[in-house]
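Residues per chain, in single letters:
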Amino acid sequence: MDAHDWIRGLRLEYWRVAQLRELRVGEQFWIAFFSGPGVTKSCKGHCEAYIERIRGGYRFAAVWTMNWTANARHAHVMTDGYFNLLKGNVVEFQSERDVEAVRSFRLVCRYVAHILRHAKRYGLGALYHGAPYHCHSLWHGEVLLKDGATRFGVEGPVPRGLGAIVDVAIAIGAVPSLSDDTDE
């Protein structure tokens, strides 16, 4: 697959391919990290989407547990996969499972792009924080170095992954919470 076509499908700018090539092992390129309305009032929703440089290639991962629409089934997405960025701007996924995971990853990235386009309507206010932070409030397009901070020294987000999905499952009652087990 052409790298520019793939990046464009994620609703990112073409020049992000060059930014991905510049990543060193252990660094992360964040597409988004923020909270929002959850499926219940007791549990906030969560979004994270990032690409991480690993030894031998790249890893992409995304979690979406927000409920921006009336359909609660749209509130749960969790995906990850591996790819290589080859010469000639070719993206090669490492397995068939990774190719299937791209669809879910693209979906989360498109949700993020929609929220960024309509940030004022959602009441998100200023999206970029100037000095001394120099970072996007939704962590869109930010690169975290190996130490977990941006080049300006701002501590970056820590991926929650499956923890965000478990929080939602407990909130909707699909999984019993630890406090439910104390009366046994």
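Residues numbered from 1 in each chain as written. Predicted model: local features only at pLDDT ≥ 70, side-chain atom pairs only at ≥ 80, totals over all residues. Heavy atoms only, no water.

## Details of unusual backbone geometry
Positive phi, normally seen in glycine, also occurs at R11, with a value near 65°. With respect to the secondary-structure elements, R11 resides in the loop between helix 1 (3-9) and helix 2 (16-22). (Helix = DSSP H or I, 4+ residues; strand = E, 2+ residues; numbered from the N terminus.)

## Some points on the packing of aromatic side chains
Within the structure shown, the criterion is met by 13 aromatic pairs. Ring centres of F34 and W64 lie 6.5 Å apart, and the angle between their planes is 85°; on these two criteria the pair is classed as edge-to-face. Separated by 30 residues along the polypeptide, F34 in strand 1 (residues 28-40) and W64 in strand 3 (residues 57-64) bring together distant segments of the chain. Residue W64 is classed as buried on the basis of its relative accessible area, which comes to 3%. Centre to centre, the rings of W64 and Y111 are 4.8 Å apart; their planes meet at 50°, and the pair counts as tilted. Here W64, found in strand 3, pairs with Y111, found in helix 3 (residues 96-117); they are 47 residues apart in sequence, far enough to count as distant. One aromatic cluster is present, formed by W6, Y58, F60, F83, F93 and F105 through successive ring pairs. R8 extends its terminal NZ or CZ atom over the ring of Y14, reaching a point 5.6 Å from the ring centre. (Phe/Tyr/Trp six-rings, centres within 6.5 Å; stacked < 30°, edge-to-face > 60°. Buried < 20%, exposed > 50% of the residue type's maximum accessible area, 1.4 Å probe, protein only. Lys NZ or Arg CZ within 6 Å of the ring centre and 35° of its normal.)

## Some thoughts on the environment of L23
Assignment of secondary structure puts L23 in the loop between helix 2 and strand 1. Under the relative-accessibility criterion, L23 is labelled buried at 5%. The spacing of L23 and V143 is 120 residues in sequence and 8.3 Å in space, taken between C-alpha atoms. If sequence neighbours within four positions are ignored, L23 has contacts with Q28, F29, I51, R53, Y58 and V143. (Contact = heavy atoms within 4.5 Å.)

## Focus: the side chain of E48
Considering the arrangement of structural elements, one finds E48 in strand 2 (residues 43-54). Within the structure, E48 has its side chain in polar contact with the side chain of H46 (distance 2.8 Å). Apart from the residues lying within four places of it in its own chain, the contact partners of E48 are W30, A32, F33, A61, A62, V63, V108, P159, R160 and G161. (Polar contact = N/O pair within 3.5 Å; in protein donor to acceptor, adjacent residues only side chain to side chain.)

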